[in-house]
Amino acid sequence: WEPYGYLRMQYIFVQNDPNVQFVGRDDGFELQNARIGVHGTMQGIASFTVSLDGAVDERAQNTPQGKLRVGMRDAYADITLAGELQARGGYFQTWVDPVALVPDTQREFVDKPLESRGMRSTEGWYTPGLPPGRSLGAAVRMAPTEPNHVGFELAVQNGADEFASNNDNDKPAVSAAAMLKLPNDGFLVAAGRWNPRTVGDLPFRQDETDLQGSVGGQVSIGPLVAGGGVMVQQTTFESTGGPKQNAFGGHAQAMVKVGATRPIAVGYRFGILDASSLITTDRVMEHTAGAVMAVPQFRMRVQLQFTHVQEQAARELSNDRLQLAAEVSL
């Protein structure tokens, strides 16, 4: 058994928009993670991971108020079938979101890219992220362990939202992904996912189907670490018969390590998210400049970033933000 954990907290300043009262008026401390968990193995036959986080913010609606709670983050077991081939069961995240392949404690910027995290209503116009998040299910997978090796993942999951205790209808979500491992923790991954969902409360339940595709990667060459990802989604509304909705998002970033007594890196990230082709003015872009400094003797990292946000002209806001974060690995 190998316990692990980390704490991440930030102080965030968001520019107050003069015309929208809920944008920017909640500057202060935010606990991003209070993670504690354990990895375990059994004689090379099986392994497991279980973790909890005390900084889960469950808000998924257009509301400025959030509440912290303790929530399950991982709960799965892997059984070795042959060589590197494994069967996984439990509550886990698939490779559909390339950003999820970079651990929080190695993330170069304070927050995840725009297409992955979306936009909270306190930071701008509310826009949900595109990745599906965690779900209950099973998978057959082969994660590459050596550079230039290829792996794959085939998963069947409930497909309901991340905090659902069971499925939302009789149909599962199915995903498939392939990965190429690169030197120095680099990777290339491509994935697709089909998820027939049911949304709403009785008696107004409605069927919708998401078809998602993603590609992403990260490479490290000397002092340069570059990465990016793109996700597209098409939603079909079977119950209402409405027109199909297309969405896309992506990011590109680069960090350069600079010589110093402490390991320091500086970089830039561009992100874009268009959550619906049915709304012509909902596109948002972010330009982020950031720096990260490691403090090894304290098992700590400190991060600073400034983000300039651009909405389309009809929905433009004054909502640039400055974030300072500190992280400690337990």
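Residues numbered from 1 in each chain as written. Predicted model: local features only at pLDDT ≥ 70, side-chain atom pairs only at ≥ 80, totals over all residues. Heavy atoms only, no water.

## Focus on the packing of aromatic side chains
When we look at a pair of aromatic rings, we describe it by the centre distance and by the angle of the planes. Within this structure, the stated rule accounts for four aromatic pairs. Centre to centre, the rings of Tyr11 and Phe13 are 4.8 Å apart; their planes meet at 50 degrees, and the pair counts as tilted. The partly exposed category is assigned to Tyr11, whose relative accessible area is 26%. With 6.4 Å between their ring centres and 75 degrees between their planes, Phe22 and Trp125 make a pair best called edge-to-face. With Phe22 in the loop between strand S1 (2-14) and strand S2 (28-42) and Trp125 in the loop between helix H1 (114-117) and strand S6 (135-142), this residue pair connects regions lying 103 residues apart in the sequence. A network of ring pairs unites the aromatic residues Tyr11, Phe13 and Phe29 as a single cluster. Directly above the aromatic system of Phe92 lies the positively charged group of Arg88, at a separation of 5.8 Å from the ring centroid. (Phe/Tyr/Trp six-rings, centres within 6.5 Å; stacked < 30°, edge-to-face > 60°. Buried < 20%, exposed > 50% of the residue type's maximum accessible area, 1.4 Å probe, protein only. Helix = DSSP H or I, 4+ residues; strand = E, 2+ residues; numbered from the N terminus. Lys NZ or Arg CZ within 6 Å of the ring centre and 35° of its normal.)

## Digging into the pairing of strand S7 (residues 150-157)
Only one face of S7 is covered, namely the face carrying Gly151, Glu153, Ala155 and Gln157; the face carrying Val150, Phe152, Leu154 and Val156 is uncovered. In terms of strand pairing, S6 meets S7 through six bridges, oriented antiparallel. In the strand pairing of S7, Ala138 is matched with Val156. Direction of pairing for S7 relative to strand S8 (residues 173-182): antiparallel, over a ladder of eight bridges. Looking across to S8, one finds that Glu153 is bridged to Ala177. (Pairing = 2+ DSSP bridges.)

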